[in-house]
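# Examining the three-dimensional arrangement
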Amino acid sequence: MPVGNFSQKTLEMESFHTKFSAWTPFNNKSLNKQLFQERVALISHWFDLWTNKQRQEFLFTIFLRCSKSQLRFIQDWFSEWKQVARVDFSTVLPRSITLYIFSFLNPKDLCAAAQVSWPWKFLTEQDCLWMPKCIKLGWFLPYTPAQNEYGAWKRHYIACVSNLDWLTPREAAAVYGTLNEPKREDEELQERQREKCLRKIIWEKIAFHKKELFKARPPWVSGTCCSRSLKPPCQPHLSQTWRAEFYGALEKRLVLASLEALPKRSNVSGSHSYPLLLKRNHRGGFKTDGTSHCASTLHVMLISSRIPAYEMVVEGVKAGVTAMVYEHSGVTLEGLLYLIETALQGRKAQSMGIFSSGDSREINLLQGYKIGIKNLLRPEVRDFWEKLGSYVATEEEGGHVDFFVPLGASEAGVEVLSQLSQLTGTFFSAPTGIATGSYQHIFSDWLGPQRDWAPPSIYFIESKLQVWSSFTEFLEDSLKSVRKELNPLFKDLQKSVSGRMIGQFMFETLSMANILNNQDIAQALADGLMALSKEDSDKPLEFLSYFLLKKHSKKSKDSEGNVILMECDSKVTWDPRTKERNAIEDNSQDTKSSLSQSDLDVEVLVKLERKLQMDSDRRTRVVRELLESERQYVQVLGIVRDVYARPLRAALSSNRAILSAANIHIIFSDTLRILNLNREFLDNLRDRLQEWGPAHCVGEIFIKFGSQLNIYTNFFNNYSVVLKTIEKCREMTPAFRAFLKRHDKTIVTKMLSLPDLLLYPSRRFEEYINLLSALRLHTPAGHADRGDLSTAVDQIKKYKGYIDKIKENIKMKEQLLDLQTKVWGCPPLSEVNRYLIRSQDVAQLHCCDEEMDFSLRLYEQICDLSFFLFNDALLVSSRSISHTPFERTSKTTYQFIASVALPRLLIEDIPDSKYVKNAFILQGPKHEWICATEVADDKFLWLSVLQQAIRSSVGK
């Protein structure tokens, strides 16, 4: 036999190789599959011929041989293709859930369910189902059921119902008489005609409303052939769209109607919850005219919570002045008027001070209300100032309103004051000076006739006000932690009372009076120590004494002196090698050096400032302030370069890197570009002011500076990244942590840290606007610089708006994240342009009988709620308070309940009665809350800001 045939036959035999006794080829897959299909078909044929009993025995045998995975496969197949539709839930669910489902049935349905089956009869006769129904009707079981007895309460219910005295209407009329006396035929005819007229009026209104909505539809909904050919896919949904628009318009009108139905403060009767503030006369009665017995002695001070360290300002108010602190956010103009009326108590003020944030062009009175020349004549703003002016004595009577905002330092601010005086008939005044970086402008000259007293002396203790204005930023940082600790204890007190207590605590703790008295001494010592830190003197005490003597002799010749000039003199006297050291621009080893003389000729600038100071012209004074503040700003930026950036780069180049090159670039690159830009700007100012005169101009320098502000744009866009990089490197790199510990808050850095120094660029633009506005105010109309100054003001103002928008977005985002973590179960709140307006704590009430009149309804409190009002929605959460054992402190937790879009929120007022006070109803599409505030002021302020938010959201 040939070798090839033998090998082929061997392969065929291996392919037909069998396993055990069954002839099943396991090496040839195709034959194996064919043979398996034939056997399955044979078994299926036998299965069809078997009887039912034989089939069951076969299946039983097969299932016994199946593994768990195969049985699970059969179960999944049955659940997918043969779903069980009818299952007794009482046999599947736990007993407690089954009884809970049955508890929603009334007695008649429970009796019907008991007839379904024996298990249902047993369940529906349980005492836990029938006992609440008996107790609700006042039927109590006269004995205690045995342990194994069930159905006792059901039998008691049936016995009580069967013994009731049921009367048919005819029998009841025969026993008790009837309340519906038969009417005459003419009376019934008149009633039918009246109902017919009412129906006709309603139908006409509905038809008119539908016609108006039909006119407002777009042209492609007309149903013409052209419209069908244009948009065939949308045609089947046109009726649904029209219906949605119709109901949307109806809902919008309903919301606006609910707002109009709320009682107004000016026309509310005594039954409503908005009390009219009547005015007492000297006899103890009430009167409604504008005069008052004590008008000549009443001074009122309004203080905004947006003022930094406002508690210190409240503590500085004199004893005879009525101080009122108001929240900057979450209050409307109407609400602010209400607070002022409450503070006045029917009297008329001789003077009123308003201490709020703002600049030389507008007053940031409330959130969303920056009062300026553009919006002063808006109806709601104008009405507010007219009513406010009526609370103050007229100009002929010596009344005046004082703004602690530098409106007198710009033309726009002076125009605002002039229009307010014309509107109200009361004199409005404001400071004319500008102090960059502080609130010292309130101690400058004020607009108006010369008086023996300045407005700050009317309302404040000047020593305390001086302390506050000098240490504003540091006090605000300290008060953040103080507020966090003390506000929970003072939450039941008024804002002005709690603010005064916190301010007094701060004054007494920090001994601010002594600091104020020794302020000059402390400043001189600080300057001497700063000069000493820059020298390598072997005799530090002699150097410090000589420095103080030189400073004293210089101050005696010139009262205002200059610290930096004396530093330069002392350097020349005590160390002739100083100039040689300062000639080296990049001295990376000296981490305590400030701006070197080669970078900035401080002595030339100081002499130039002193020269400008000798000129009494107001325009020259503003220019001097501009030059001096710009020099100080550039020095601060130089501290960032010399104290932080240069040593870190030097360590990197010497193979002892503290930070990587990438991190150094992220943190300092934008700041160093800003430093170069402002150094160039300062050099241009210095060159222009060398020969300063009335005809010289500086506007073109600002225009050139404004064209290069893209460098600042990079800084502000990366500002959050820079701060996060600093914090990350501080945590991850011990060497950088030690580096910051050595250099932060030292004399060289003016007791500031690196993040504090990076705040200065954002604050500088506000100073630019104030200085340019003051310079334009004191520039004559025909001056060549006036046009450039106006262009520069608009340019810087536009960029300042960009910075403010970034700040607001970051603040709103952090506020939403904090609220989301505070409220349990709260959905994501981060939305574009969403911000928190106000939060309000209320008590949720339940009405026992809603069919009764409002004045007779009884309410019971069921839980505490907290409302969080946003500009587009209202978030409702439950509030629970847990107390700590052996302490007076408590912890408040919030649980999310619902959120309602403002355009779908209805408000209804509940008049005050002997049973309920300060209540109202909020109704959404799915929920309704009957709420009440603790005091009437909270209700008025809350509903006022809620109405305004709803109107704004509906109008969008």
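In this convention, every chain numbers its residues from 1, walking through the sequence in written order. Whole-chain, interface and lining totals are the exception, using all residues; otherwise, since this is a predicted model, local features are given only for residues with pLDDT of at least 70 and side-chain atom pairs are given and counted only at 80 or more. To get the side-chain values, all heavy atoms of the structure are used, and hydrogens and water are removed first.

As named in an unreviewed UniProt entry, the chain is Epithelial cell transforming sequence 2 oncogene-like, taken from Nannospalax galili.

## Considering the sheet that holds strand 4 (residues 321-326)
Strand pairing is assigned whenever DSSP identifies at least 2 bridges connecting the two strands. The helix and strand labels rest on DSSP assignments: H or I over at least four residues marks a helix, E over at least two residues marks a strand, and numbering proceeds from the N terminus. As summarised here, the arrangement of the 5 strands in space is 4-3-5-9-10, forming an open sheet in which the pairing is parallel. The open sheet has two edge strands, strand 4 and strand 10 (427-429), and neither has a second partner. Direction aside, neighbouring strands of the sheet carry axes that sit 15° apart on average. As judged from the 5 bridges shared by strand 3 (residues 299-304) and strand 5 (residues 351-355), these two strands associate in the parallel manner. Paired with Leu302 across the strands is Ile354, a residue of strand 5. This element, helix 16 (residues 333-344), spans strand 3, strand 4 and strand 5 of the sheet and lies at about 155° to strand 4. In this analysis, two residues are considered to be in contact whenever any of their non-hydrogen atoms come within 4.5 Å of each other. Angular values range over 0 to 180 degrees, each being the angle between N-to-C directions of two axes fitted as lines to C-alpha atoms, with helices fitted over their stretch in contact. Across the sheet, helix 18 (residues 411-424) lies against strand 9 (400-403) and strand 10, angled at about 155° from strand 10, the strand it touches most.

## A look at the packing of aromatic side chains
Each pair of aromatic rings taken from Phe, Tyr and Trp, with Trp reduced to its six-membered ring, is defined by centres within 6.5 Å and is described as stacked if the planes are under 30 degrees apart, edge-to-face if over 60, and tilted in the remaining cases. The final tally for this structure, using the stated rule, is 37 aromatic pairs. Measuring from ring centre to ring centre gives 5.8 Å for Phe868 and Tyr894, while their planes differ by 70°; the resulting arrangement is edge-to-face. Taken together, the positions of Phe868 in strand 13 (residues 859-870) and Tyr894 in strand 15 (residues 890-901) put the pair 26 residues apart, joining distant regions of the chain. For the pair Phe868 and Tyr894, a shared accessibility class is recorded, and that class is buried. Taken together, the ring pairs in this structure connect Phe681, Phe702, Phe705, Tyr712, Phe715, Phe716, Tyr719, Phe765, Tyr768, Tyr799 and Tyr802 into an aromatic cluster. Throughout, exposure labels follow a simple rule: accessible area from a 1.4 Å probe, protein chains only, divided by the maximum for the residue type, with under 20% read as buried, over 50% as exposed, and the rest as partly exposed.

## Observations concerning the nonpolar core
Buried Ala, Val, Leu, Ile, Met, Phe, Trp, Tyr and Cys residues that are joined via side-chain atoms within 4.5 Å together make up what is termed a nonpolar core. Residues Phe668, Tyr712, Phe736 and Phe765 are the most contacted members of the largest nonpolar core, which totals 64 residues. At 15 residues, helix 29 (residues 618-653) tops the list of elements feeding residues into this core. Apart from residues lying up to four places away in sequence, Phe765 is in contact with Leu709, Tyr712, Phe716, Ile796, Tyr799, Lys800 and Ile803. Counting 40 residues, the second largest nonpolar core, distinct from the first, contains Leu337, Leu366, Tyr369 and Ala430.

## Description of unusual backbone geometry
The phi dihedral of Asn655 falls on the positive side, at around 60°, and the residue is not glycine. Within the secondary structure, Asn655 sits in the loop between helix 29 and helix 30 (661-689). Although it is not a glycine, Lys745 sits at a positive phi angle of roughly 55°. With respect to the helices and strands, the residue Lys745 is situated in the loop between helix 34 (734-743) and helix 35 (754-757).

## Side note on the pattern of salt bridges
A pairing counts as a salt bridge when a side-chain nitrogen of Lys or Arg comes within 4 Å of a carboxyl oxygen of Asp or Glu. Applying the stated criterion across every chain, the model contains 27 salt bridges. The partner of Arg624 in a salt bridge is Glu628, with the nearest N and O atoms 3.3 Å apart. Of this pair, Arg624 and Glu628 both sit in helix 29, 4 residues apart, roughly one helical turn. The partner of Asp683 in a salt bridge is Arg686, with the nearest N and O atoms 3.7 Å apart. Of this pair, Asp683 and Arg686 both sit in helix 30, 3 residues apart, roughly one helical turn.

## Some points on a nonpolar patch on the surface
A cluster of nonpolar side chains, namely Val87, Val92, Leu93, Ile97, Tyr100, Ile101 and Phe104, defines an oily patch on the protein surface of about 680 Å² accessible area. It is helix 6 (residues 95-102) that provides the largest number of residues to the nonpolar patch, a total of 3 residues. Take Val92: it is sitting in helix 5 (residues 89-92). Patch definition: residues above 30% relative accessible area lacking any salt bridge, with like charges linked at up to 9 Å and the nonpolar side chains Val, Leu, Ile, Met, Phe, Trp and Tyr linked at up to 5 Å. Here, Shrake-Rupley sampling with a 1.4 Å probe gives the accessible areas, and only protein chains in the shown set may cover a residue.

## A closer look at a negative patch on the surface
There is a patch of like negative charges on the surface, built from Asp849, Glu850, Glu851, Glu908 and Glu928. On the secondary structure map, Glu928 appears in strand 18 (residues 928-932). A relative accessible area of 42% means that Glu928 is categorised as partly exposed. Counted as positive: Lys and Arg. Counted as negative: Asp and Glu. His and the chain ends are not counted at all. For this purpose, a charge sits on NZ of Lys, CZ of Arg, CG of Asp or CD of Glu.

## A few points about the environment of Leu420
Mapped onto the secondary structure, Leu420 falls in helix 18. As a C-alpha pair, Leu420 and Glu386 span 34 residues in sequence and 8.4 Å in three-dimensional space. Ignoring anything within four residues of it in the chain, the contact list for Leu420 reads Leu376, Trp385, Phe403, Thr426 and Phe428.

## Describing the pairing of strand 3
Of all 6 residues that make up strand 3, 6 are buried, and the element is covered over most of its length. Both faces of strand 3 are covered, namely the face carrying His299, Met301 and Ile303 and the face carrying Val300, Leu302 and Ser304. Of the pairings in the sheet, the one linking strand 3 to strand 4 comprises 6 bridges and is parallel in character. The partner of Ile303 across the bridge, within strand 4, is Val325.

## Quick notes on the packing of helix 9 (residues 127-136) against helix 10 (residues 152-162)
Packed helices, taken two at a time, are described by their axes: the angle between them and the distance between them. Across the interface, helix 9 lies against helix 10 with an axial gap of 7 Å and an inter-helix angle of 35°. Helix-helix and strand crossings are classified by hand; for helix 9 and helix 10 the assignment is left-handed. Counting all contacts with helix 9, which are made through Asp127, Trp130, Met131, Lys133, Cys134 and Ile135, the residues of helix 10 involved are Ala152, Trp153, Lys154, His156 and Tyr157. Classifying every residue of the contact of helix 9 with helix 10 by side-chain character gives 7 nonpolar, 1 polar and 3 charged. In this scheme the crossing of two helices becomes right-handed for a clockwise turn of the near helix relative to the far one and left-handed for an anticlockwise turn of less than a right angle. Residue polarity is assigned by list, with Asp, Glu, Lys and Arg as charged and Ala, Val, Leu, Ile, Met, Phe, Trp, Tyr, Cys and Pro as nonpolar; anything else, Gly included, falls into the polar class.

## Remarks on the side chain of Ser360
By the element assignment, Ser360 lies in the loop between strand 6 (357-358) and strand 7 (363-366). Looking at Ser360, the relative accessible area reads 0%, which means it is buried. Of the polar contacts made by the side chain of Ser360, one reaches the side chain of Asn770; its length is 3.2 Å. Here Ser360 is in contact with Pro406, Leu407, Ala409, Ser410, Gly413, Ile769, Asn770 and Ser773, once residues within four sequence places are set aside. We define a polar contact as two N or O atoms separated by no more than 3.5 Å, with the added condition that, inside protein, one atom must be a possible hydrogen donor and the other a possible acceptor, whereas residues neighbouring each other in sequence contribute only through side-chain atom pairs.

## Things to note about helix 10
Since the α-helix packs 3.6 residues into each turn, any two residues three or four apart lie on the same face. Inspection of helix 10 places Ala152, Trp153, Lys154, His156, Tyr157 and Cys160 among the buried residues, and these make up the whole buried set. As for helix 10, its buried residues are in contact with helix 7 (107-113) and helix 9.

## So, the environment of Pro107
Note that Pro107 resides in helix 7. Taking the C-alpha atoms as reference points, Pro107 and Leu129, separated by 22 residues in sequence, lie 9.3 Å from one another. If we skip the residues at most four places from it in the chain, Pro107 touches Trp130, Lys133 and Tyr157.

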